[in-house]
Amino acid sequence: MSAYAMAVAGSEPFLERAPLLLRDAFVQLLPAPTQWLVHHLITIVAILAVFGLFFAFTTIAERKLLGRLQNRRGPNRTGVPQFSILPWRFKHTLFGLSQPFADAVKALTKEDIVPAAADKLLHFLAPVLVVAFSLLTFAVLPFGRNLIPVELDSALLYFFAAGSATELTIFMAGWASRNKYSLLAAMRALAQVISYELPLMLSVVPVVLVAGSLSTREIALAQGGWTFGIIPHWNVFTPWGFAGFLLFLVAALAESNRSPFDLPEAESELVAGHLTEYSGFKYALFFMAEYFGLTALSGLGITIFLGGWQAPVPFLGFVPSYAWFMLKLVGMIGFFIWVRGTLLRLRIDQLTRLAWQFIVPLALINLLNAAFWSLTRDWTGALQLVRWVISAAIVVGPFVLLGRKLNAGRAPRTYRYATS
Amino acid sequence: MTLALILLSVLILGSAIVALSLRNLIHSALLLVACWAGIAAFYLWAGAEFVAFAQGLVYVGAISMVVLFAVLLTRQGTASEPLGFASWQRFILALVAGGGVAGILVGAVLGTPLTVTTPGPVPVLTVKQIGAQLMGPHVVALLVVGILLTVSLLGAVVLAAEENVKSPEDEV
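Residues numbered from 1 in each chain as written. Chains lettered and ligands numbered in written order. Predicted model: local features only at pLDDT ≥ 70, side-chain atom pairs only at ≥ 80, totals over all residues.

Draft legend 1. Broad picture of the overall build of chain A. The helix and strand tally for chain A stands at 15 helices and 2 strands. Summarising its shape, the C-alpha atoms of chain A cover approximately 80 × 70 × 45 Å along the three principal directions. Going through the 420 residues of chain A one by one, you find that 39% of them count as buried. The contacts in chain A between residues at least 6 apart in sequence include a share of 74% that link residues at least 24 apart. (Helix = DSSP H or I, 4+ residues; strand = E, 2+ residues; numbered from the N terminus. Buried ≥ 20, exposed ≤ 12 C-beta atoms within 10 Å, placed from the backbone. Contact = placed C-beta atoms within 7 Å.)

Have a look at this one:
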């Protein structure tokens, strides 16, 4: 019996079942042979519509928030366009919220320049594939108690398999441009993405170890319940989970080329790196894929560390689970925008050193920590306190020691200024 | 189901054949990636979910990068021109090596008893069972693979870190 069938038969609140009931009501209208196809198509269309709009409003949120962080207003002029057939005009500018649609029209109508020497086919395929691969990762995220597009036993493996395929498109974009700077930038971008793929996966493995499953649905379900009726059983509220979440955040920032790890693009120095030869809608597609990737990684972080679609406190359980997921997603994206507005870009050697000398060892130690945590599962009473102390010590100790060792001789940095 | 298998076979074999016939090495490498993706899809078709995603992660994600980097870093000048015939000795050696591998593969395929049975109930294998098998009876194989990969990684580091040139910026 699938989760969906249980949901319909069970006594869950109406709002929890509403999306499924809506879909079934529509599917029932169609002839029987096409029903299975439409059933899946609706899921795909729902993901495209919801996350397409989410992407649009992420861009405007990013521009507005960055504007506020930099003490300016951000885009606030775009209102409703004037339709010449209408006799009146809607004057309000809607706080500039229709900006992403104006941006889309602009990107669509811009000239699409392809270098004469470019490999035309690969140059065209790269932006198409990057969007396709980044959309594939949404298939296994549990957006709500019953809202999971594809239920897979090895969902996490699928997520990373689909996500790592985007590396190919970076290479294709850089190589197909037939521009030596694009190719060099693509190699740099690949070095970064490959370096941070390892810590990303290593930061997820502890959760798999403790939950005993690769299925995103199982992992989200395992985080249900509250201690003392107030502290949720989310993985982030354990020492290893907290450390894992921080490692995951850093690795996710680097994987999705966000500031402070936005070296692959580095608009001000590299003129968008491997995307130099892209223009118009193809360029917009790369950015779309970047935001989709960021959203998917945030969704994964929510699912495995922040309790997935679970409500934070019991008395708010009446709010449907997908609303909680989207709220957490908005929070994560907001955090990423805040980070972008706050931190400075790293140098490439600092970036790779951070990955290989600091984050990978800490992630491996965190794996041991999670093993300790799952071995001491039946400790109770005072032993529970000992368990927490030991686990916290395994997190803090290596962090401080490794950080000091790596910083020795580097910090504080001395600046020498030219004197007259 | 059969139609899907035919389509997958066309994808796998077609991309492999075109990859062999192309002069452009990068195109060949990318078609090889398509071939690997097709093999992953074939595993999915056969119901081996875990193997399919592992294939996708390892081959499409990682080994493709190794191949592409190797092509880019070793390409010298006129690689797109067809290679000439070098010597008879080389020809015979290539024939022996290729024939040997082909012989072993064909022998292995023909030597495996192929018992055609009516399709019974397909056993539902979870990832947990696969993990228990890998960590239990097959743990030696897993460790050997791990050691092999570590050794190759160390070898790569030794090869790459031969010259230790410090940039003037690090001195400050």
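Next comes the rest of the write-up.
Draft legend 2. Quick peek at the overall build of chain B. Across its full length, chain B holds 7 helices and 0 strands. Tracing chain B from N to C terminus, the helices and strands come up as α-α-α-α-α-α-α. Within the span of chain B, comprising 172 residues, buried residues form 14% of the whole. Expressed as a percentage of contacts within chain B between residues at least 6 apart in sequence, the contacts between residues at least 24 apart total 50%.

Draft legend 3. Geometry of the interface of chain B and chain A. Opposite the 16 residues of chain B that make contact, chain A presents 17 residues. When contributions to the side of chain B that touches chain A are tallied by element, the ones reaching two or more residues are helix 2 (25-45), helix 3 (49-74) and helix 5 (127-135) of chain B. The element contributing the most residues to the side of chain B that touches chain A is helix 3 of chain B, with 11 residues. In terms of residue class, the side of chain B that touches chain A is made up of 10 nonpolar, 4 polar and 2 charged. (Nonpolar A, V, L, I, M, F, W, Y, C, P; charged D, E, K, R; others polar.)

Draft legend 4. Molecular detail of unusual backbone geometry. Residues and elements named next belong to chain A. The backbone of arginine 178 shows a phi angle near 55°, a positive value even though the residue is not glycine. With 16 C-beta atoms counted inside 10 Å, the residue arginine 178 sits in the partly exposed group. Even without being glycine, asparagine 257 reaches a positive phi, approximately 55°. Mapped onto the secondary structure, asparagine 257 falls in the loop between helix 10 (239-255) and helix 11 (267-270). Residue classification places asparagine 257 among the buried positions, given that 22 C-beta atoms sit within 10 Å.

Draft legend 5. Fine view of helix 10 of chain A. Residue and element names in this part refer to chain A. The end-to-end C-alpha distance of helix 10, which contains 17 residues, comes to 24 Å, matching closely the 24 Å that a straight helix rising 1.5 Å per residue would cover. With 14 of its 17 residues buried, helix 10 lies for the most part within the structure. Positive backbone phi, at 55°, marks asparagine 257, one or two positions downstream of helix 10. (Expected span 1.5 Å × (residues − 1).)

Draft legend 6. Focus on the environment of leucine 316 of chain A. Note that leucine 316 of chain A resides in the loop between helix 12 (280-304) and helix 13 (321-342). Assessed through the 10 C-beta atoms surrounding it within 10 Å, leucine 316 of chain A is described here as exposed.

Draft legend 7. Region of interest: the environment of alanine 392 of chain A. Considering the arrangement of structural elements, one finds alanine 392 of chain A in helix 15 (residues 382-407). C-alpha separation for the pair alanine 392 of chain A and proline 239 of chain A, spaced 153 residues apart in sequence, amounts to 5.2 Å.

Draft legend 8. Main features of the packing of helix 1 (residues 2-21) of chain B against helix 2 of chain B. Residues and elements named next belong to chain B. The geometry of helix 1 relative to helix 2 is characterised by a closest axis approach of 8 Å and an angle of 160° between their N-to-C directions. Here helix 2 runs roughly antiparallel to helix 1, going by the angle between their axes. By crossing handedness, the relation of helix 1 to helix 2 is classed as left-handed. Contact residues: Ala4, Leu5, Leu8, Leu11, Ile12, Ser15, Ala16, Val18 and Ala19 in helix 1; Ser28, Leu31, Leu32, Ala34, Cys35, Gly38, Ile39, Ala41, Phe42 and Trp45 in helix 2. Class assignment of the residues belonging to the contact of helix 1 with helix 2 gives a composition of 16 nonpolar, 3 polar and no charged. (Axes fitted to C-alpha atoms, helices over the stretch in contact; angles between N-to-C directions. Parallel < 35°, antiparallel > 145°, perpendicular 65-115°, else oblique. Left-handed = near helix turned anticlockwise from the far one by under 90°.)

Draft legend 9. Structural context of the domain arrangement of chain B. Annotation of chain B at the domain level lists domain 1 (1-75) and domain 2 (126-161). Relative to domain 2 of chain B, the C-alpha centre of domain 1 of chain B lies at a distance of 23 Å. (Domains from an automatic or database assignment.)

Draft legend 10. Looking closely at helix 13 of chain A. Relative to the 32 Å expected for 22 residues at 1.5 Å per residue, helix 13 of chain A spans 32 Å between its end C-alpha atoms, a close match to the ideal helical length. Within helix 13 of chain A the residues assigned to the buried category are Ser321, Tyr322, Trp324, Phe325, Lys328, Leu329, Met332, Ile333, Phe336 and Ile337 of chain A.

Draft legend 11. Expanded view of the packing of helix 12 of chain A against helix 13 of chain A. All names here are of chain A. Interaxial distance between helix 12 and helix 13 falls to 9 Å at its minimum, and their mutual angle equals 120°. As far as their axial angle goes, helix 13 and helix 12 are oblique. Judged by the sense of rotation from one axis to the other, the crossing of helix 12 with helix 13 is right-handed. Contacts between helix 12 and helix 13 pair Leu294, Thr295, Ser298, Gly299, Gly301 and Ile302 from the former with Phe325, Lys328, Leu329, Met332, Ile333 and Phe336 from the latter. Of the residues contributing to the contact of helix 12 with helix 13, the split by class is 7 nonpolar, 4 polar and 1 charged.

Draft legend 12. Local environment of the nonpolar core. Of all hydrophobic cores here, the largest spans 113 residues; its most connected members are Leu157, Tyr158 and Ala251 of chain A. Here this core gets 14 residues from one element, more than from any other, and that element is helix 8 (residues 180-211) of chain A. (Core = buried A, V, L, I, M, F, W, Y, C linked by C-beta atoms within 7 Å.)

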